[in-house]
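Listed here are the chains, written in short residue letters.
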Amino acid sequence: MAKRNDQASCPGTDRGPDSATIRRIRRRLLAWYDGNRRRLPWRAPPGRKSDPYAVWLSEIMLQQTTVATVGPYFGNFMARWPNVKALAGAPLDDVLHAWQGLGYYARARNLHKCAKAVAGHPAGKFPDTEAGLLELPGIGPYTAAAIAAIAFDQPAMPVDGNIERVTARLFGITTPLPKGKPEIAAAARIFAATERPGDFAQAMMDLVERI
DNA sequence: TTCCGGTACG
DNA sequence: CGTACCGGAA
């Protein structure tokens, strides 16, 4: 990895926000988040460490359902299976039944499979890197980045359709999708390489509600 | 009623 | 790379 091979030889695709712009947007976004962050059951209070199990569980549920709907299900799961070991030890049928109403039952199966995989590890804990998380059942690129950032403060940025919209808005990127996707992804990625990756990710998520 | 969406799978 | 999954929202 001696040299960086960007698209300097490809005219028209090497655009990106300059560092001053990025710094300005960072400050603005974090300041906004510090004053407007949503209080969510799976979200740790400011300054406190979040529970990776809770973050993982919520992210899996939120893949397919709104915050309002997930709320009660998340509470039920946490009350019944407070940690990954408890969930791993539960009968699959119980998990599927508790999942009833959320849809995408393949994910409930993967949830259970993932819990068993994690609990089966020597450490019995979730991997704290994006790459490690990505290997687990039911965890794709988006969820791996979300958990890495929120639970472990790793420099990762989950990018879904909403984050794309927010990023495009923040950086004034007007290139229409899907053509502007690489440009937007590049901007979002720069965001992640900062000191408060978890807060950035959650700020982006919360900001969606205000756009 | 159509459209939308992370992930796994074909 | 396209499709299925399953409910909610438009």
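Before reading on, note that the structure itself is shown above.
Calculation notes
- Residues numbered from 1 in each chain as written.
- Chains lettered and ligands numbered in written order.
- Predicted model: local features only at pLDDT ≥ 70, side-chain atom pairs only at ≥ 80, totals over all residues.
- Heavy atoms only, no water.
- Near = heavy atom within 4 Å.
- Polar contact = N/O pair within 3.5 Å; in protein donor to acceptor, adjacent residues only side chain to side chain.
- Helix = DSSP H or I, 4+ residues; strand = E, 2+ residues; numbered from the N terminus.
- Expected span 1.5 Å × (residues − 1).
- Buried < 20%, exposed > 50% of the residue type's maximum accessible area, 1.4 Å probe, protein only.
- Contact = heavy atoms within 4.5 Å.
- Axes fitted to C-alpha atoms, helices over the stretch in contact; angles between N-to-C directions.
- Parallel < 35°, antiparallel > 145°, perpendicular 65-115°, else oblique.
- Nonpolar A, V, L, I, M, F, W, Y, C, P; charged D, E, K, R; others polar.
- Left-handed = near helix turned anticlockwise from the far one by under 90°.
- Salt bridge = Lys/Arg side-chain N within 4 Å of Asp/Glu carboxyl O.

Colleague: Got a sec to walk through the protein's contact with DNA strand B? Specific residues and values, please.
Modeller: In the vicinity of DNA strand B, the contacting residues are Gln-63, Tyr-104, Arg-107, Asn-110, Pro-137, Gly-138, Ile-139, Gly-140, Pro-141, Tyr-142, Thr-143 and Asp-160. Tyr-142 is positioned such that a nitrogen or oxygen atom in its backbone is 3.0 Å from a phosphate oxygen of DNA strand B. Contact between DNA strand B and Thr-143: a phosphate oxygen at 2.6 Å from a side-chain N or O atom of the residue. Elements with a minimum of two residues in the surface near DNA strand B: helix 6 (105-120) and helix 8 (141-152). It is helix 8 that contributes the most residues to the surface near DNA strand B, three residues altogether.

Colleague: How would you summarise helix 3 (residues 67-80) if you had to cite specific residues and measurements?
Modeller: Its 14 residues give helix 3 an end-to-end C-alpha distance of 20 Å, which sits within 8% of 20 Å, the value for a rise of 1.5 Å per residue. Burial in helix 3 covers these residues: Val-70, Tyr-73, Phe-74 and Phe-77. Looking at the buried side of helix 3, the elements it contacts are helix 2 (52-62), helix 5 (92-99) and helix 6.

Colleague: Pulling in residues and values, what's your account of the packing of helix 1 (residues 19-36) against helix 11 (residues 197-207)?
Modeller: Contact geometry of helix 1 with helix 11 gives a least axis separation of 9 Å together with a crossing angle of 75°. Relative to helix 11, the element helix 1 is oriented roughly perpendicular. Between helix 1 and helix 11, the contacting residues are Arg-26, Leu-29, Leu-30, Trp-32, Tyr-33 and Asn-36 on the first element and Asp-199, Phe-200, Gln-202, Ala-203, Met-204, Asp-206 and Leu-207 on the second. For the contact of helix 1 with helix 11, the residue count by class is eight nonpolar, two polar and three charged.

Colleague: Provide a residue-level description of helix 11, including the pertinent values.
Modeller: With 11 of its 11 residues buried, helix 11 lies for the most part within the structure. Of all the residues in helix 11, the buried ones are Pro-197, Gly-198, Asp-199, Phe-200, Ala-201, Gln-202, Ala-203, Met-204, Met-205, Asp-206 and Leu-207. Turning to helix 11, the residues buried within the fold contact helix 1, helix 2, helix 8, helix 9 (161-171) and helix 10 (181-192).

Colleague: Tell me about the packing of helix 5 against helix 6, and please be specific about residues and values.
Modeller: How two helices sit against one another is set out by the angle between their axes and by the gap between those axes. Closest axis-to-axis distance for the helix 5/helix 6 pair is 9 Å, and the angle between their directions is 135°. Here helix 5 is positioned oblique relative to helix 6, judged by the angle of their axes. Helix-helix and strand crossings are classified by hand; for helix 5 and helix 6 the assignment is right-handed. Here helix 5 contributes Leu-92, Val-95, Leu-96 and Trp-99 to the contact with helix 6, which in turn contributes Tyr-105, Arg-107, Ala-108, Arg-109, Leu-111 and His-112. Partitioned by chemical class, the residues of the contact of helix 5 with helix 6 number seven nonpolar, one polar and two charged.

Colleague: An account of the protein's contact with DNA strand C is needed here, citing residue identities and associated values.
Modeller: The local shell around DNA strand C consists of Thr-66, Gly-101, Gly-103, Tyr-104 and Tyr-105. A breakdown of the atoms of DNA strand C within 4 Å of the protein gives sugar and phosphate a share of 62%. Classifying every residue of the surface near DNA strand C by side-chain character gives two nonpolar, three polar and no charged.

Colleague: I'd like a description of the side chain of Thr-65, backed by residues and values.
Modeller: Tracing the backbone shows Thr-65 in the loop between helix 2 and helix 3. Among residues more than four places away in sequence, those in contact with Thr-65 are Val-70 and Leu-102.

Colleague: How would you summarise the pattern of salt bridges if you had to cite specific residues and measurements?
Modeller: When their charged atoms lie close together, side chains carrying opposite charge are able to pair. Going through the model one piece at a time under the given rule, you end up with six salt bridges. Put simply, Arg-196 and Asp-34 hold a salt bridge, and the shortest N to O gap is 3.0 Å. Here Arg-196 is found in the loop between helix 10 and helix 11, whereas its partner Asp-34 is found in helix 1, with 162 residues between them in sequence. Through salt bridges that share partners, Asp-34, Arg-196 and Asp-199 make up one connected network.

Colleague: Give a detailed account of unusual backbone geometry, specifying residues and quantitative values.
Modeller: With the exception of glycine, most residues fall at negative phi, and the peptide bonds are largely trans. Even without glycine at this site, Tyr-104 takes up a positive phi of about 50°. Given a relative accessible area of 55%, Tyr-104 falls into the exposed group. Backbone geometry places Asp-153, a non-glycine residue, at a positive phi of 55°. Here Asp-153 is to be found in the loop between helix 8 and helix 9.

Colleague: So what's going on with the environment of Pro-82? Residues and values would help.
Modeller: Its place among the elements puts Pro-82 in the loop between helix 3 and helix 4 (84-89). With relative accessibility at 44%, the residue Pro-82 sits in the partly exposed group. Taking the C-alpha atoms as reference, Pro-82 lies 33 Å from Ala-188; in sequence the two are 106 residues apart. Contact partners of Pro-82, with chain neighbours within four places excluded, come to Tyr-53 and Phe-77.

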